[in-house]
Amino acid sequence: DRSKRQLVFGVWDGSGWPDEVVRTVYSLDMKAACTQAVKSGNTCRINDTTEAADFIPVWGEVRSHISVLIFLRGEICAVLSLDGSEPAAFSDEDQSALERLVTQCSMLMEHFALIEDRWLYQFELFLNDEPDLDKMCDGAVTHLRGMFGVLACSVLLRFPDSALLTLAATSGIIEEGKPPTYEIG
């Protein structure tokens with residue numbers, strides 16, 4: 001979370017991980033390998049964790065560690081953090097391979113971000129070119145369904161000084177007549 005200057009520990013499979021580990025939040029002011037990597041902007045490799053002041057073990061048998069930064073649009077978006085049970089478990093070749101792997105991940109995320117940018121740009125062009133509110137809302141539903149691949153999509157409008165949301169367009173089925181309204185609050 002950039003605004004709070006902190007990293008949140010995340011695991012693919014939380015089974016077997018203690019709650020206090022899964023819920024760990026690392027302030028960038030803390031002395032931890034992952035935060036040192038973020039602050040330096042470089043991979044952090046620790047060959048012997050028993051001799052490292054900047055290492056907070058997640059589990060007891062960790063003897064070596066590497067934190068590799070993942071970038072999106074030129075900014076750090078994640079840290080790949082690996083622990084080894086033996087000292088110097090990560091060689092220069094391992095580090096290089098991990099850095100290439102995260103570079104490929106970053107390129108893939110950038111590709112998807114560019115696709116999303118294109119969709120949003122096309123959506124914005126459509127909204128700017130459509131003067132009719134009903135057609136704009138119907139078109140918005142069509143564009144949003146295509147952008148996000150969702151089964152259904154609705155546009156609800158809130159008019160000034162109103163405590164109601166009014167359904168303006170939907171890809172779902174609605175009964176004929178007056179569109180439903182939803183009270184806010």
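It should be noted that the structure appears before, not after, this text.
Residues numbered from 1 in each chain as written. Predicted model: local features only at pLDDT ≥ 70, side-chain atom pairs only at ≥ 80, totals over all residues. Heavy atoms only, no water.

What follows is about the sheet that holds strand β3 (residues 44–46). With antiparallel pairing, the 3 strands of this open sheet are ordered in space as β3-β4-β5. Here the strands that pair on one side only, and so sit at the sheet edges, are β3 and β5 (75–84). The average angle at which neighbouring strand axes cross in this sheet is 15°, direction not considered. The pairing of strand β4 (residues 64–72) with β5 spans 9 bridges and is antiparallel. Across the sheet, Ile70 pairs through a bridge with Ala78, a residue of β5. Most of the contacts of helix α2 (residues 33–40) go to β4, to which it runs at about 40°, and overall it touches β3, β4 and β5. Against the sheet, helix α3 (residues 92–129) touches β3, β4 and β5, its axis set at about 25° to β4. (Pairing = 2+ DSSP bridges. Helix = DSSP H or I, 4+ residues; strand = E, 2+ residues; numbered from the N terminus. Axes fitted to C-alpha atoms, helices over the stretch in contact; angles between N-to-C directions. Contact = heavy atoms within 4.5 Å.)

What follows is about unusual backbone geometry. Here the phi dihedral of Arg73 falls at roughly 55°; this positive angle occurs in a residue that is not glycine. Classification of Arg73 as partly exposed rests on a relative accessible area of 43%. A positive phi angle is found at Ala88, which is not glycine, with a value near 55°. Inspection of the secondary structure puts Ala88 in the loop between β5 and α3. When its relative accessible area of 48% is taken as the criterion, Ala88 is described as partly exposed. (Buried < 20%, exposed > 50% of the residue type's maximum accessible area, 1.4 Å probe, protein only.)

What follows covers α3. An ideal rise of 1.5 Å per residue puts 56 Å on 38 residues; α3 measures up with 55 Å between its terminal C-alpha atoms. Taken residue by residue, α3 has Gln95, Leu98, Val102, Ser106, Ala113 and Phe123 as its buried positions. (Expected span 1.5 Å × (residues − 1).)

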